[in-house]
Every structure is written in C-alpha cells, then in structure tokens.
Amino acid sequence: HAKRVAGNSIETFVSDMHQRARDRLQLAADLRAALESDQLHLAYQPIVSLRTGRIEGYEALVRWTHPTRGPLSPAEFIPIAEQSALIVDLGGWVLRTAARQMACWQTLWDDERYVSVNVAASQLTTRALMQQVRVALADSRLDPERLVLEVTESSLIDDIEASIAQMHSVRALGVRFALDDFGTGYSSLSYLQRFPVDVLKIDKAFIDALDDPDGVLLVRAIVNMAASLQLRVVAEGVEGEAQADALQRFGCHLVQGYHFSRPLPAADVVAMPQTFAVPASQAIRAIG
Ligand code: C2E
Ligand code: MG
Ligand code: MG
Ligand code: MG
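Attention here is on the structure that accompanies the text. None of the values given here were measured: they were computed from a predicted structure. (Residues numbered from 1 in each chain as written. Chains lettered and ligands numbered in written order. Predicted model: local features only at pLDDT ≥ 70, side-chain atom pairs only at ≥ 80, totals over all residues. Heavy atoms only, no water.)

**Digging into the pattern of salt bridges**
Reasoning step 1: Taken as a whole, this structure holds 14 salt bridges when the rule is applied.
Reasoning step 2: Across the salt bridge formed by glutamate 56 and arginine 232, the nearest N and O atoms sit 2.8 Å from each other. One end of the pair, glutamate 56, is in strand S2 (residues 55-66); the other, arginine 232, is in strand S8 (residues 232-236), and 176 residues separate them in sequence.
Reasoning step 3: The class of glutamate 56 is partly exposed, set by a relative accessible area of 26%.
Reasoning step 4: On the accessibility criterion, arginine 232 (35% relative accessible area) is partly exposed.
Reasoning step 5: Where glutamate 59 meets lysine 201, a salt bridge forms, and the shortest distance between an N and an O atom there is 2.9 Å. Of the two residues, glutamate 59 sits in strand S2 while lysine 201 sits in strand S7 (residues 199-202), which places them 142 residues apart along the sequence.
Reasoning step 6: Here glutamate 59 falls in the buried class, since its relative accessible area comes to 4%.
Reasoning step 7: Bridged by salt links that share partners, the residues Arg32, Glu36 and Asp89 form one connected network. (Salt bridge = Lys/Arg side-chain N within 4 Å of Asp/Glu carboxyl O. Helix = DSSP H or I, 4+ residues; strand = E, 2+ residues; numbered from the N terminus. Buried < 20%, exposed > 50% of the residue type's maximum accessible area, 1.4 Å probe, protein only.)

As structure tokens, this is what we get:
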C-alpha cells in the first residue's frame, strides 16, 4: 500500500511539473502577443526628496492586464520573460514608453524630474541597451539627463567587464545609472566602486529592518558609505512615518514607497499631490 501511495505521488509530482512547464510556455507566448497588442502599460511611483518633500523623479514599473487572467504582477511574468529574448524586447518597449511619457511631462513642470527605468541583465549581455537608449531618446526627444537606468548587482555580475564598458558608453550620452536592490546581491564593495553608478537604491528588506537596532546600524552604514562614494541614496519600500523620520536623520536623500504613493497609472500622475509632507528637519526641530 505504502508503495502505491509513493508511486502515485511521484506521478502527481511529474504531472504537476509538466503542467507548470506548459503554463510558463503559454504565459511566454501570451506575453509576446501582449507586447504587440495593447495589454502592457507602465505605472509610475514618485521618488521624493526628504529635504524638500518634492518629487524628484518616478520609477516606471511595467504592468500587464492578461486577457483572461486579469492583472499580473511583474514578479509573475518578468522571470518568464527573462528566460528568452522576450525580456530584451520588453525592455525596449518600456524604455520607449517611459521616455515618451517623461518628454511629455517635462513641459509641465519647471524642474528637473527624471524617469527611472529597470534594465534586465540580457539588455546588457546582448549589448542591446545602447541602441535601445539611443532609439528611445531620439524618438521622444527626452533630455538624456532625465533618464535613469536601474541595474542590479546580479544583472552586472554575469558579464562584468562588458557591462561596465557598455554603461560607460550609455553614460556618455548623459544618462545616469542607479544600482537597484542594493544589499541583496553578493558583489563585493570593491565592485561597487567600479560600477559607473550615480544613485544607490537601498533594498526594502533593509528599510523593513529599521525597527530593530541592528537594522538601524546597517542602514546608517549604507547611507554613510554612499555619501563617501558621492552617490545619491534612495530608500525603497518606505511604508511608515517612523521609517521616513529615521532615514532623514541618517542623511538619506530620497525615498520611495507606499507611505508616499503607490505606483500610479500615467493619467493619475499629473493630478496627484506634487509635494509631500516630510519629517521636520533637525534644524527646525532644534528651534521648536
Ligand atoms: P524594483 O525595481 O525593486 O521595484 C520596486 C518594487 O517595489 C515595485 O514592485 C514597487 O511597486 C514595490 N514597492 C514600492 N514601494 C513599496 C512599498 O512601500 N511596499 C511594498 N511592499 N512594495 C513597494 P513591482 O512593480 O511589483 O515590481 C517588482 C519588480 O519587477 C521590480 O523591482 C523589478 O525588479 C521588476 N520590474 C518591474 N518593472 C520592470 C521593467 O519594466 N523591466 C524589468 N526588467 N523589470 C521590471
Ligand atoms: Mg527598480
Ligand atoms: Mg528595487
Ligand atoms: Mg526588486
């Protein structure tokens, strides 16, 4: 009897595995179709200055409304896209769309707001990035200074020398780079100094840990290290007032998170508040 049960569970296991593989293939095919029709759009999440409360930029985040499954999160389809050349085409679409949107917004506000776009490892390893950025800038006439590209430590590690070389070429256009999800990768600090990045985004996991003393020490150390490398720092995933307050005291420049705003469809970005309440600065608090 025991043997039969074990046998059945192996069959179930194998058939589940096949089912999952079929689902992934189907989803990849659907995503290809989605790119060619109108199922993808971008949501924009403000990146806010802790000094002024003003919006300095927006991160563009891809969204997919699947015709039968409804809204899917990037966590469900980006990994699938990353297993094929699909991610490169998706990345090109995101760049063109975000650049066009920002070029349209830049005429509304007399400041230097930027759009920050996530870049996948394959866009670097296939050397597609440089051409995609050129096309997006030419097509939108966006100022290159208004484009930031987010890369992760793990996306650079694959092909490190070539990636760094390509980043230098893209940077020569006036585009900046941010190191996303900082602290979750496993690159060494010596790499950090070699990556041509201007911005460091501290991963949400560290911000979540701000309510314990070790977490506080770690975030302070990261902010101080970024300052000595002359990098701007963005804290990701800020969900509470106390976190924003601590980050401001440590000298973190910028924050992004649900506490300020969720990612919003383009149509809602213009209508949203343009300034946020930020914790009073040390100086003001000392007086009061
Ligand atoms: P990411 O680049 O680190 O983006 C930040 C993620 O954190 C976004 O999730 C955002 O919605 C979420 N987030 C922001 N503030 C908060 C907060 O206060 N609390 C919580 N719980 N979450 C917050 P999203 O949009 O689901 O994207 C997940 C990941 O998918 C992104 O992480 C990025 O790695 C990838 N992704 C999204 N759009 C693109 C894209 O256009 N291209 C590529 N290659 N990857 C993308
Ligand atoms: Mg990002
Ligand atoms: Mg991130
Ligand atoms: Mg992430």
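There is more to say after this.
**Thoughts on the coordination of the magnesium ion (ligand 3)**
Each donor-metal-donor angle in an ideal tetrahedron of four donors is 109.5 degrees, and each such angle in an ideal octahedron of six donors is either 90 or 180 degrees.
Reasoning step 1: Coordination of the magnesium ion (ligand 3) by the protein is provided by Asp180 (OD), Asp181 (OD), Glu236 (OE) and Glu236 (OE), with metal-donor distances spanning 2.0 to 2.4 Å.
Reasoning step 2: Between the magnesium ion (ligand 3) and the magnesium ion (ligand 2), a spacing of 4.0 Å is present, and a bridge between the two is formed by aspartate 180.
Reasoning step 3: Overall, the relative accessible area of 26% leaves aspartate 181 in the partly exposed class. (Donors = N, O, S within 2.8 Å, 3.2 Å for Na, K, Ca; no water.)

**Points about the nonpolar core**
Reasoning step 1: In terms of nonpolar packing, the biggest core is built from 85 residues, with Leu147, Leu149 and Leu247 touching the most fellow members.
Reasoning step 2: Counting residues per element, this core draws most heavily on helix H3 (residues 86-105), which supplies 12 residues.
Reasoning step 3: Filtering out sequence-adjacent residues up to four positions away, leucine 147 remains in contact with Leu95, Tyr114, Val115, Val117, Val133, Leu137, Leu142, Val175 and Arg176.
Reasoning step 4: In terms of nonpolar packing, the next biggest core, distinct from the first, is built from seven residues, Val148, Ala178, Val234 and Leu254 among them. (Core = buried A, V, L, I, M, F, W, Y, C linked by side-chain atoms within 4.5 Å. Contact = heavy atoms within 4.5 Å.)

**Details of the packing of aromatic side chains**
Reasoning step 1: By the definition in use, this model includes seven aromatic pairs.
Reasoning step 2: Arranged with centres 4.8 Å apart and planes meeting at 75°, the rings of tyrosine 44 and tryptophan 105 form a pair that is edge-to-face. With a gap of 61 residues between them, tyrosine 44 in strand S1 (residues 40-49) and tryptophan 105 in helix H3 connect regions that are remote in the sequence.
Reasoning step 3: With a centroid separation of 6.0 Å and 50° between ring planes, the pair formed by tryptophan 105 and tryptophan 109 is classed as tilted. One exposure class covers both tryptophan 105 and tryptophan 109, and it is buried.
Reasoning step 4: For the cation-ring pair, arginine 113 lies above tryptophan 109, with the distance from its terminal atom to the ring centre recorded as 3.9 Å.
Reasoning step 5: Stacked on the ring of tyrosine 258, the Lys or Arg arginine 262 has its end atom at 3.9 Å from the ring centre. (Phe/Tyr/Trp six-rings, centres within 6.5 Å; stacked < 30°, edge-to-face > 60°. Lys NZ or Arg CZ within 6 Å of the ring centre and 35° of its normal.)

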